[in-house]
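# Structural overview
Residues per chain, in single letters:
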Amino acid sequence: PFYAQPSPSCYAAREMADTSFDDEIRSQFYEFIKRFSSESLSMLSGSGAEPALKDYVEQVLRMVENDRSTLYVDFKEVEAFDPSLAAAIEEHFFRLEPALRGGLRDFVSAEFPAYAQAQRDFHVAFFGMPFTMKIRDATKTENIGKLSCVSGTVTRTSEVRPELVEGVFACGACSTLAEGVKQQFRYTEPMCCAQKSCTNRTVWTLDVKRSKFADWQRVRVQENTSEIPAGCMPRTLDVIVRDENVERAKAGDKAVFTGSLVVSPDVLGMQTGQRTEVRSKQEGRGADAGGVSGLSTLGVRELAYKTCFLASSLSSADARFGDINIRDEGDDEEAVKATFNTAALDEIEEMRAKRDIFSLLAHSIAPTVHGHDDVKRGILLLLMGGVHKQSPDDGTRLRGDINACLVGDPSTAKSQFLKYVCNIVPRAVYASGKASTAAGLTASVTRDEESGDAVIEAGALMLADNGICCIDEFDKMEARDQVAIHEAMEQQTISIAKAGIRATLNARASILAAANPTHGRYDRSKPLSKNLSLGAPIMSRFDLFFVILDECNEVTDHHIAKHIVNLHQHGSLVHIASRPAFNAAQLKRYIKYARTIKPTMTEPARAELIQCYSTLRAESHGPGSTMAQRITVRQLEAMIRLSEAIARVHLDETIKVSYVRQAYRLLRKSVVHVQHPDVEFDEEGAFLDEVLAQAEDADEDPEEVVADEAPAAKKLTVLTFEKFERMKAMLVARLRSAEESAKRSATAAAAAAPAAAGANEEEAAEVVAEASCLRRHELVADYLTQMQIDDESELARERHLVNLVIGRLISKEQVIVELPEQTAVDKADRFLVLHSSVE
């Protein structure tokens, strides 16, 4: 049997039914705006009692006062008011959106007719959906046209452009206007002229003044790291935002978008030219050959589809999931404080009143890691941060963010600290130095696949703007990649000059890096620069260096093993003896509140900072210094930032002297001291010479004295490296002063008698050489005079040590040279001079 074709009356009936359904939704939404109140839902019982406050009436009033056009509607409140209305909106949102906007226009026209006439269009933005989908789930066919909610991380945003929403076209033949031509994801022209006598179907002119435009922006959203299945690549989705939602999302934000998924043919990719209107393929049959025939004009070729998400509203993922952004620098101090209710403020004051709040907060950092108290204090101060400063005169900026680097042996929980910081800070980016390039860390310039324009692709540091960038395996980075982040670490900007784009981008992020020693394990006999394959410029940009050593200690190993076994046995911190004083939510609330405080420097704190810096500077540059890193002005700025962060820990408006001392102690702790091996002296020959000299002075038999002292002669004398370097510096300085004094005397003598100087140059040179030398006993006597020792036994021991040091400087290090032809001269009377290579 043949199936009957539907008659035109069937299409008319269906269109009439659709129109009546839209009108019903429009009136129901009008009633929702007019009657809903969160304080009273008595209208649901049909009593007709008027509530005290109507939420959306008040919002419309504020919308009119602020000259806005978007009404923000909580979907849960629509469900509470009318479940059938909520179900219809959720199921057919894309189709019913014009009806919802019409209901809003009807209400504004009834209450504020003048504003409704002046405002050309209104919009409805929904939020508060009961479920949030992943990107790979949101792109399924069943979600097309439905109201849904998608979460992801913004990776790129386009520039804001005007979008043609409803066009008015003038016929190219008769100039008749065709109004109300809605644009469906592409530039759409009328099919035919309104004049029946006009045969034009192709030549149209857009009337820009009468057409409706809207702000348009494309946002590229990528799956969150925690939502990517194992073995899968992260998927992306293009989100289209319009009107008041543009410029609300930036690269690095974790955002939630509410709207509908739409699918459109990718005509732009299948045709050439700028116009996307399809033309008739029957060009040789005249202008009236059939008009626009749709997708059939594309011929026999594969049809490509493009999916995108039309967002009616967007919000931060932190607020959506109840998270707390502890580093939201965009808000004002008073605005941030206003987000805390009375209970939260009371809890913060109660935490502040505790006796040792610094240690309690530090112990709450990474509670699954046992020990490492100083590292936890440093990470807490990194989360607190210092105060950003900017000069009002020339605009010079001083960074307040703190950079820290964890260096240590394998299996010392370095990566655990980085992962914890990434979890506690919403705007944190985790990167690996081995797998990252300079462009991946900073920014790159790529070509837009649709427009072909050069666009900036954000790197890890840009995505972590106003956050923290955690870089693991920092020592595995290439040298050219390390140079790329110099500017970002100090000036906190990224400069790009590529493909005709010259821009300076913000990278106001703290950097927490983890690195392994060059040879696998840290060698304490070498300075920090020798244990790391990092250059001096990038090392100086870190405020704190923490060296974590895997040392064998029976008590510590027992506690660590017990801690780890309890974690694996119970899977939580419940059965751990020393549980943290505060949970993660309390810690984040306290840090967010503390970051609103901008402590100022007091005069005693300023003097203490200067004194501490002078002490550190002298220790790092003095002879025999064991500091693994040279102290520069950047360490002074680091001490200031640490002091400000400690003041924030105590919620103090001023920086006290005690805070400066704590910062000084932490900085000294972070600059690990090099453990040089002690200097051992093979003193048998030197000892015997001394014994023989003492025997001659006492008129004793030298053989008997040597026999009596033979066991002692075989003993080794051990001197610490620090003391050896100090003694060496004093001896070299004394010989240097004698040399300079002799040169000055010779210069003065030559100036006084120039004629004689020319005749006796050789004799003058010999005199200078002899005057620049010191006899060994004179050098020893000068050293003992500077030491100012009163005890006779101590004086004899120091004389013995300085003779050993002089002997080592002559024989092994060759810093001091004995003048030749002195073999017959007693060792104590021999002339000593500095080697020419000694600076």
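Everything in this summary refers to the structure shown in the same document. (Residues numbered from 1 in each chain as written. Predicted model: local features only at pLDDT ≥ 70, side-chain atom pairs only at ≥ 80, totals over all residues. Heavy atoms only, no water.)

The volume enclosed by the second largest pocket comes to roughly 1100 Å³. Around the second largest pocket sit 32 residues that line it, and H370, G371, H372, I548 and L549 are the ones nearest its centre. Residue assignment for the lining of the second largest pocket shows that the elements contributing at least two residues are α13 (373-384), β21 (544-548), α21 (554-570) and α25 (657-670). Each residue belonging to the lining of the second largest pocket can be placed in one class, and the counts come to 12 nonpolar, 12 polar and eight charged. (1 Å grid on protein atoms, 1.4 Å probe; cavity = no way out; pocket = protein on both sides within 12 Å on 5 of 7 lines; lining within 4 Å. Points joined across faces, edges and corners; volume = space filled by probe spheres on them. Helix = DSSP H or I, 4+ residues; strand = E, 2+ residues; numbered from the N terminus. Nonpolar A, V, L, I, M, F, W, Y, C, P; charged D, E, K, R; others polar.)

Oppositely charged side chains can form a pair if their charged atoms are brought close together. Counted under the stated rule, the structure contains 30 salt bridges. Its salt-bridge partner being R26, residue D106 comes within 2.8 Å of it at the nearest N-O pair. Of this pair, D106 sits in helix α5 (residues 93-111) while R26 sits in helix α1 (residues 8-35), and the two are 80 residues apart along the sequence. Salt bridges here are not isolated pairs; linked through shared partners, they connect R399, E490, D543, R634 and R641. (Salt bridge = Lys/Arg side-chain N within 4 Å of Asp/Glu carboxyl O.)

Their axes nearest at 11 Å, the elements α13 and α25 cross at an angle of 120°. For the element pair α13 / α25, the angle class is oblique. By crossing handedness, the relation of α13 to α25 is classed as left-handed. Contacts between α13 and α25 involve D374, R377, G378 and L381 on the former and, on the latter, R665, L666 and K669. (Axes fitted to C-alpha atoms, helices over the stretch in contact; angles between N-to-C directions. Parallel < 35°, antiparallel > 145°, perpendicular 65-115°, else oblique. Left-handed = near helix turned anticlockwise from the far one by under 90°. Contact = heavy atoms within 4.5 Å.)

Let us now look at the packing of α13 against helix α22 (residues 584-594). The geometry of a pair of packed helices is captured by two quantities: the angle between their axes and the separation between those axes. Remark: α13 packs on α22, axes separated minimally by 9 Å, with the N-to-C direction vectors making an angle of 50°. Classified by the angle their axes make, α13 and α22 are oblique. Note on element contacts: α22 touches α13 through Y590, I591 and A594, opposite L380, L383 and M384. Residues that form the contact of α13 with α22 fall into these classes: six nonpolar, no polar and no charged.

A word on unusual backbone geometry. A positive phi angle is found at S175, which is not glycine, with a value near 65°. Within the fold, S175 resides in the loop between β4 (161-171) and β5 (177-182). Since its relative accessible area comes to 56%, S175 is described here as exposed. (Buried < 20%, exposed > 50% of the residue type's maximum accessible area, 1.4 Å probe, protein only.)

Looking now at the nonpolar core. The biggest cluster of nonpolar side chains holds 64 residues, and the ones touching the most others in it are L361, L380, L381 and L512. It is α13 that contributes the most residues to this core, seven residues altogether. Leave out the neighbours within four places in its chain, and L361 touches M351, L380, F582, L587, Y590 and V649. If you look at the next biggest cluster of nonpolar residues, it comprises 36 residues, including V407, L441, I471 and L534. (Core = buried A, V, L, I, M, F, W, Y, C linked by side-chain atoms within 4.5 Å.)

As a further point, take the environment of A828. Position of A828 relative to the elements: it lies in the loop between β27 (816-818) and β28 (831-834). Separated by 52 residues in the primary sequence, A828 and R776 place their C-alpha atoms 5.1 Å from one another. Setting aside residues no more than four positions away along its own chain, A828 makes contact with R775, R776 and H777.

Right, let's talk about helix α24 (residues 633-649) for a bit. An ideal rise of 1.5 Å per residue puts 24 Å on 17 residues; α24 measures up with 25 Å between its terminal C-alpha atoms. Where burial is concerned, most of α24 is hidden: 12 out of the 17 residues are buried. For α24, the complete set of buried residues consists of Q635, A638, M639, R641, L642, S643, E644, A645, I646, A647, R648 and V649. Looking one or two residues beyond α24, the residue adopting positive phi is L651, at roughly 55°. (Expected span 1.5 Å × (residues − 1).)

All told, the structure shown has 13 aromatic pairs when counted by the stated rule. Look at F29 and F126: their rings are 6.4 Å apart centre to centre, the planes differ by 50°, and that puts the pair in the tilted class. Here F126 lies in strand β2 (residues 123-127) and F29 lies in helix α1, a separation of 97 residues in the sequence. Here F29 matches F126 in class, with each residue buried. Arranged with centres 5.6 Å apart and planes meeting at 85°, the rings of F474 and F542 form a pair that is edge-to-face. A residue pair is termed long-range when its members are at least 10 positions apart, and F474 in the loop between β17 (468-472) and α17 (479-484) and F542 in the loop between α20 (536-539) and β21 qualify at 68 residues. (Phe/Tyr/Trp six-rings, centres within 6.5 Å; stacked < 30°, edge-to-face > 60°.)

The next point concerns the side chain of K376. Note that K376 resides in helix α13. Look at K376: it is buried, it has no salt bridge, and the nearest opposite charge is D373 at 5.4 Å. K376 has contacts with A362, H363, I365, A366, V369, G371 and F417, leaving out every residue within four places of it along the chain. (Lys, Arg positive; Asp, Glu negative; His and termini not counted.)

A surface patch of like charges, here negative, comprises D790, D791, E792 and E794. Considering the arrangement of structural elements, one finds D790 in the loop between α31 (776-787) and α32 (792-811). By relative accessible area, which is 73% here, D790 ends up exposed. (Patch = residues over 30% accessible without salt bridge, like charges linked within 9 Å, V, L, I, M, F, W, Y side chains within 5 Å. Areas by Shrake-Rupley, 256 points an atom, 1.4 Å probe, with all protein chains shown as cover. Charge placed at Lys NZ, Arg CZ, Asp CG, Glu CD.)

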